[in-house]
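Here's the letter readout for the chains.
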Amino acid sequence: RVLDRLIGFPLTWFVQKKVSRGASAGRVQSVALGLIVKREKEIQSFRAVEYWSIHAGLEKAGRGFEAELANFPEMTKGASMRPPFRAAGPAIPDESAANSLATTFNRSEFSVASVTKGEKRRGPVPPFTTSTFQQAAVNRLGMSAARAMGIAQELYEGVNGQSGLITYMRTDSVSISPIARRQARDWISGAWGSQFIPDKERVYATRSKGAQEAHEAIRPTDPSAMPESLRRVLSADQLRVYTLIWQRFTASQMTDARYATMAVEIEARDNGALAGTFRASASALVFEGHLKAYGADVNDRQAEEDEEGVVTALPELAQGDILTRKAVDSRRHQTEPPPRYTEASLVRALEEEGIGRPSTYASIVQTVMKRDYVERQGRALVPQELGFIVHDL
């Protein structure tokens, strides 16, 4: 309150006198506007850099797959082959160098140099806090943070004679009561089997700066109340929000998902001399674990989380295998400017910097839009002329 009096009031009077009677400023909204404006200036000053990558279409026993060039002898002659931007393999700076390499590899013989098999585990994420709930509602449901919070309020208060369906939705905490943890474990074990619950209860610790942990994480008041059982009680949007909360909480008390992984290094030889090394990797789900809670959404969930360039399956390969070359091509890419903020990424940035409170995140976005500082285009938050003027002043 003191900061609002010291900062918000005088700054608001100042911008109202200098810019517009409808303008305002404050210790949170001015920082939020600043993040959006600074990101837009980065985008405006961005200059794209072109680079190329090499990909080989290969085959073993009738099964095709793709590998990407990882390194080649010329790379050691200078750093020019690795420009200062992110690329999965060597970033080749011009088309003529890329085409020359492609020509070499199109006459090369390919064989498997090494195969590494392993297992990867992916644990569940903690149950929702206010900020992570708002981010998920924006990203997964396409709702505004304010709309999602309004629906959560309805679920908290109770709908159509139902008592409150979720716990309080304004919270910084990821902790869950021991009773709720036991209820969730009992329900999961009964519904899907004991292999889906870990030996020890999952207990999460809050790491965000300045967290106020007066309330639990956002969770269903009755873990056994599946979304499907409330289909006739809830509206479509209420059901979507409840499903999001139920899935996240239930998954948070379940075992890791397990993946079988395979990484392959492939040598390309031109007249016997090593011309380059290609890599391919695959990851296949072997045990659902916590992904079981997401049901039909599990494929979307995996697609969101899978690393770029990892395919779901490779043919069975062994060291020394000779591969059939189908085609080798070069592909043009450009570096991308930083993305504009969405409501979800802005909320995450504010939380990481310890700015504002969970209860204010949704209203801050509404405020900067209502003042005509920012406009929503699709999901992106785009600063307007008035937003630039007020921020710069």
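Heads up: the structure comes first, above all this text.
Predicted model, so just to flag it, every value in this text is computed and none were measured.

(A) Focus on the overall build of the chain. Within the chain one finds 11 helices and 8 strands. Out of the 393 residues belonging to the chain, those deemed buried represent 45%. If you take every contact in the chain between residues at least 6 apart in sequence, the share linking residues at least 24 apart comes to 76%. Carbon and sulfur atoms make up 48% of the accessible area of the chain, which totals about 20,200 Å².

(B) Highlighting the packing of aromatic side chains. Evaluation of the coordinates by the stated rule reveals 9 aromatic pairs. Where Phe105 meets Phe278, the ring centres are 5.0 Å apart and the plane angle is 85 degrees; that geometry is what we call edge-to-face. Of the two residues, Phe105 sits in helix H3 (residues 95-105) while Phe278 sits in strand E5 (residues 273-287), which places them 173 residues apart along the sequence. For the pair shown, Phe105 and Phe278 are each scored as buried. The rings of Trp187, Trp192, Phe196, Trp246 and Phe287 are connected pair by pair, giving a single aromatic cluster. One Lys or Arg, Arg39, reaches over the ring of Tyr341 and ends 4.3 Å from the middle of that ring. The aromatic ring of Tyr259 is capped on one face by Lys120, whose charged end is 5.3 Å from the ring centroid.

(C) Molecular detail of the side chain of Arg181. With respect to the secondary-structure elements, Arg181 resides in helix H6 (residues 178-192). For Arg181, a relative accessible area of 11% translates into the label buried. At 2.8 Å, the side chain of Arg181 forms a polar contact with the side chain of Glu201. Filtering out sequence-adjacent residues up to four positions away, Arg181 remains in contact with Ile176, Glu201, Arg202, Val203 and Gln253.

(D) Representation of the pattern of salt bridges within the structure. Under the criterion given, the structure shown has 23 salt bridges. Here Asp4 ties to Arg27 by a salt bridge, and the two come within 2.8 Å at their closest N and O atoms. Pair noted here: Asp4 is in helix H1 (residues 2-18) and Arg27 is in the loop between H1 and helix H2 (29-45), with a separation of 23 residues, a long-range link. The partner of Glu66 in a salt bridge is Arg331, and the shortest N-O contact between them spans 2.6 Å. In this pair, Glu66 is assigned in strand E2 (residues 63-71) and Arg331 in strand E6 (residues 322-334), connecting sequence segments 265 residues apart.

(E) A look at the sheet that holds strand E3 (residues 109-122). Taken in spatial order, the 6 strands close into a barrel running E1-E2-E5-E4-E3-E6, and their pairing is antiparallel. Taking the axes of each pair of neighbouring strands and ignoring which way they run, one obtains an average angle of 35 degrees across the sheet. Where E2 and E5 come together, 3 bridges link them in antiparallel fashion. Among the inter-strand pairings, Asn71 is bridged to a residue of E5, identified as Thr277. Each of strand E1 (50-60), E2, E3, strand E4 (257-270), E5 and E6 is contacted by H3, which is oriented at about 15 degrees to E1, the strand it contacts most.

(F) Spatial organisation of the nonpolar core. Of all hydrophobic cores here, the largest spans 39 residues; its most connected members are Phe133, Leu155, Leu234, Val241 and Tyr242. Counting residues per element, the ones that place at least two in this core are helix H4 (130-141), helix H5 (145-157), H6, helix H7 (236-252) and E4. It is H7 that provides the largest number of residues to this core, a total of 7 residues. Those residues within four positions of Leu234 in sequence are excluded, and the remaining contacts are Leu155, Val159, Leu165, Leu239 and Tyr242. Core analysis: the second largest hydrophobic core is formed by 27 residues, Leu69, Phe72, Phe105 and Ala275 among them.

(G) Inspection of unusual backbone geometry at higher detail. With a phi angle near 50 degrees, Ala61 is a residue other than glycine that sits in the positive phi range. As for its placement among the helices and strands, Ala61 is situated in the loop between E1 and E2. Positive phi, close to 55 degrees, is recorded for Asn271, a residue that is not glycine. Along the chain, Asn271 turns up in the loop between E4 and E5. The class for Asn271 is exposed, based on a relative accessible area of 79%.

(H) Highlighting helix H10 (residues 361-370). What H10 keeps buried is the set Tyr361, Ala362, Ile364, Val365, Thr367 and Val368. Summarising the contacts, the buried residues of H10 are in contact with H2, H4, H5, helix H9 (343-352), strand E7 (374-377) and strand E8 (380-383). Positive phi appears at Asp372, one or two residues downstream of H10, with a value of about 65 degrees.

(I) Broad picture of the environment of Val382. Tracing the backbone shows Val382 in strand E8. Through-space distance from the C-alpha of Val382 to that of Val37 is 8.1 Å; in sequence the pair is 345 residues apart. Non-local contacts of Val382, meaning those with residues more than four positions away in its chain, are made with Glu40, Arg340, Tyr373, Val374, Glu375 and Gln377.

(J) Spatial organisation of the pairing of E5. Where E4 lies against E5, 13 bridges are found, and the strand directions are antiparallel. Across the sheet, the residue bridging to Tyr259 is Leu285, located in E5.

(K) View of H6. With 15 residues, H6 extends 21 Å between its outermost C-alpha atoms, agreeing within 8% with the 21 Å of an ideal straight helix rising 1.5 Å per residue. Every buried residue belonging to H6 is among Ala180, Arg181, Ala184, Arg185, Trp187 and Ile188, and all of these are buried. Buried positions in H6, seen along its axis, are confined to an arc of 170 degrees and lie on one side of it. Opposite the buried face of H6, by more than 90 degrees, sit the exposed residues Ile179, Asp186 and Gly190. Looking at the residues trailing H6, positive phi occurs at Gly193, about 115 degrees.

Criteria and cut-off values
- Residues numbered from 1 in each chain as written.
- Predicted model: local features only at pLDDT ≥ 70, side-chain atom pairs only at ≥ 80, totals over all residues.
- Heavy atoms only, no water.
- Helix = DSSP H or I, 4+ residues; strand = E, 2+ residues; numbered from the N terminus.
- Buried < 20%, exposed > 50% of the residue type's maximum accessible area, 1.4 Å probe, protein only.
- Contact = heavy atoms within 4.5 Å.
- Areas by Shrake-Rupley, 256 points an atom, 1.4 Å probe, with all protein chains shown as cover.
- Phe/Tyr/Trp six-rings, centres within 6.5 Å; stacked < 30°, edge-to-face > 60°.
- Lys NZ or Arg CZ within 6 Å of the ring centre and 35° of its normal.
- Polar contact = N/O pair within 3.5 Å; in protein donor to acceptor, adjacent residues only side chain to side chain.
- Salt bridge = Lys/Arg side-chain N within 4 Å of Asp/Glu carboxyl O.
- Pairing = 2+ DSSP bridges.
- Axes fitted to C-alpha atoms, helices over the stretch in contact; angles between N-to-C directions.
- Core = buried A, V, L, I, M, F, W, Y, C linked by side-chain atoms within 4.5 Å.
- Expected span 1.5 Å × (residues − 1).
- Arc of directions from axis to C-beta.

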